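Below are the chains, spelled out letter by letter.
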Amino acid sequence: MNAIVQQDLNTFENILEKTKQQGIDFLNNIENIPTSNTVSIDPNRALNELGLGSLEALKEFNERLAPLIVSSSGPRYWGFVTGGSTPASIVGDWLAAVYDQNTQSIKAQGGASALIEFETINLLLQLLDLPNSFLGGFVTGATMSNFTCLGVARQWFGKQLGKDFAKNGISETINILTATPHSSSVKTLSMLGIGSQNYTTVKTIKGNREAIDIADLEKTIAALNGQPFLLISSAGTVNTADFDDFEAIANLRQKHTFWWHIDAAFGGFAAVSDKFKHLVKGWEEADSITVDCHKWLNVPYDSAFYLIKKEHADLQIETFQNSNAPYLGNPLENFNYLNVLPENSRRLRALPVWFSLLAYGKEGFKDVVENSVALALHFGNALIEEDVFELLAPIRLNNVCFTLKGDHNEEKVTEFLSRLNDRGKVFMTPTFYNGRKGIRASFVNWRTKENDIAIAIEEMKAVLVDLKM
Ligand SMILES: *Cc1c(COP(=O)(O)O)cnc(C)c1O
């Protein structure tokens, strides 16, 4: 063994102690760490011939790189849809690194870690009140979950025409209908060889809505003359957290043959609260569902899962199996994750989720969700009171989409937001909604409190003064 590695091994406990202390210092101070930075580095560091050892590397990291780290997991990072990390999720994440399992089969590689993944998926189904007719697994994010689900949908479409796209490539036009797909679903169509432009846009409901207009959907389906199709629907659009009418879509299945996918990256968590579960009523009828864990479940990056109906297990294996040999027998026996999703080797990504669910239970996540929604409403009201702001859409759940009031202020929106973000106390993202430039704040972080809204409003007022508005 190399002498420096040996030295590290001899002092491992001390190294981990120091690392732990650094973690504690960061997390205890997270509210004061800026949400953005102006620090930059030259990323062209030369690689040493001789190693530094972990402690010296940590020292250099703290000098040069740690100042780049922003509190994106803190309470006032409202950009994109960004979750934080609860204590239990960090416990699970640390242990996933320590155990370093390669989670594949329920027998060999990675011990029985696939069973831990099964158990975790089962707990998630209970949290979201979904039936166990779904087979699930972990991937890095909702993008890869959409990819996994739509990959199986692609194979399903081929089968409807007697083709095997996984084996022979795509030989037919795949009919895809969707209203407001997340950009990651469009990217997925590109990655799957379907083509990012090759979908039909269904109208949304009139007014400030991003949900599918069911009447227009029926019209679009009628124009397909009975051909099968894929429907990509939304449980929570990013701008206005709008939901498609899942009961209406479920009813369409009586008359039409289609694969129904739901992107529920964050909106799926509506199911954990009696106040909001009506938003996902009927979603259990879908063929596949995408849910992110690094958003509203507040586990560290990267973590999401897919749910695909067990009845499609053969199609899933045809799409992802890691061998040219035909898969024999029952796909659920001799189960191996490498045959049902994009990756082969994979970490025990279930562990942070398992710890979170055991530690906080249904009640814990119901509280996170209800608190986030209450804060979104609170922020919306605070904005309206300021008189210079205007909501671009009603607040349906946890996302607030707003802008500076008046068309004459449209060109100031970008400047306003970049100044606000540069101050480093709160972070939001630019958006474009209903033909207008806007700003989006998304509430999913478990740490956020009312006082954070007050801080944000003060910051926004200061920027207005700077801009002489
Ligand atoms: C965030 C998000 C995605 C993409 O998720 P990643 O985890 O970043 O891959 C997809 N769909 C929706 C609705 C999202 O909010």
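How each quantity is defined
Residues numbered from 1 in each chain as written. Predicted model: local features only at pLDDT ≥ 70, side-chain atom pairs only at ≥ 80, totals over all residues. Heavy atoms only, no water. UniProt positions renumbered as here; feature names shortened; annotations may be inferred. Pairing = 2+ DSSP bridges. Helix = DSSP H or I, 4+ residues; strand = E, 2+ residues; numbered from the N terminus. Near = heavy atom within 4 Å. Polar contact = N/O pair within 3.5 Å; in protein donor to acceptor, adjacent residues only side chain to side chain. Areas by Shrake-Rupley, 256 points an atom, 1.4 Å probe, with all protein chains shown as cover. Nonpolar A, V, L, I, M, F, W, Y, C, P; charged D, E, K, R; others polar. Axes fitted to C-alpha atoms, helices over the stretch in contact; angles between N-to-C directions. Phe/Tyr/Trp six-rings, centres within 6.5 Å; stacked < 30°, edge-to-face > 60°. Buried < 20%, exposed > 50% of the residue type's maximum accessible area, 1.4 Å probe, protein only.

The name an unreviewed UniProt entry assigns to the protein is Aspartate aminotransferase family protein, from the organism Flavobacterium geliluteum. According to its UniProt record, the protein has this under Cofactor (unreviewed entry): "pyridoxal 5'-phosphate". For the record of the protein, the UniProt heading Sequence similarities (unreviewed entry) holds the text "Belongs to the group II decarboxylase family."

Q: Pulling in residues and values, what's your account of the sheet that holds strand β2 (residues 176-178)?
A: Read across the open sheet, the seven strands follow the order β1-β7-β6-β5-β4-β2-β3; overall the sheet is mixed. On the outer flanks of this sheet lie β1 (134-139) and β3 (200-201), each paired with one strand and no other. Examined bridge by bridge, β1 and strand β7 (residues 304-309) share six bridges and lie antiparallel to one another. Looking across to β7, one finds that phenylalanine 138 is bridged to phenylalanine 305.

Q: Give me the lowdown on the site of the ligand, citing residues and values where you can.
A: Near the ligand there are 13 residues, and of these Thr143, Asp263, Asp292, His294 and Lys295 occur at the shortest range. Contact between the ligand and threonine 143: an oxygen atom at 2.6 Å from a side-chain N or O atom of the residue. Here a nitrogen atom of the ligand and a side-chain polar atom of aspartate 263 are 2.7 Å apart. Burial of the ligand by the surrounding chains reaches 83%, relative to a free accessible area of 380 Å². Of the residues that constitute the shell around the ligand, the class distribution is four nonpolar, six polar and three charged.

Q: Account for the sheet that holds strand β11 (residues 436-442), naming residues and giving values.
A: Across the sheet, which stays open at both edges, the four strands sit in the order β8-β9-β11-β10 with antiparallel pairing between neighbours. The open sheet has two free edges, formed respectively by β8 (389-391) and β10 (429-433), since each of these has just one partner strand. In this sheet, neighbouring strand axes are inclined to one another by 45° on average, regardless of whether the strands run parallel or antiparallel. By the bridge criterion, five bridges tie β10 to β11 in an arrangement that is antiparallel.

Q: Pulling in residues and values, what's your account of the packing of aromatic side chains?
A: On inspection of all chains with the given rule, the structure shows 17 aromatic pairs. For the ring pair tryptophan 78 and phenylalanine 443, a centre distance of 4.6 Å and an interplane angle of 45° mean the geometry is tilted. A residue pair is termed long-range when its members are at least 10 positions apart, and tryptophan 78 in the loop between α3 (54-65) and α4 (87-99) and phenylalanine 443 in the loop between β11 and α14 (450-466) qualify at 365 residues. Accessibility expressed as a relative area gives 1% for tryptophan 78, which makes it buried. The class of phenylalanine 443 is buried, set by a relative accessible area of 2%. Measuring from ring centre to ring centre gives 4.8 Å for phenylalanine 229 and phenylalanine 258, while their planes differ by 10°; the resulting arrangement is stacked.

Q: So, unusual backbone geometry: which residues are in play, and what are the values?
A: A cis amide bond, omega -5°, links tyrosine 301 with the succeeding residue aspartate 302. Although it is not a glycine, asparagine 298 adopts a positive phi angle of roughly 55°. Tracing the sequence through the fold places asparagine 298 in the loop between β6 (288-292) and β7. Looking at asparagine 298, the relative accessible area reads 1%, which means it is buried. Even without being a glycine, asparagine 434 presents a positive backbone phi close to 55°. Structurally, asparagine 434 can be placed in the loop between β10 and β11. Since its relative accessible area comes to 55%, asparagine 434 is described here as exposed.

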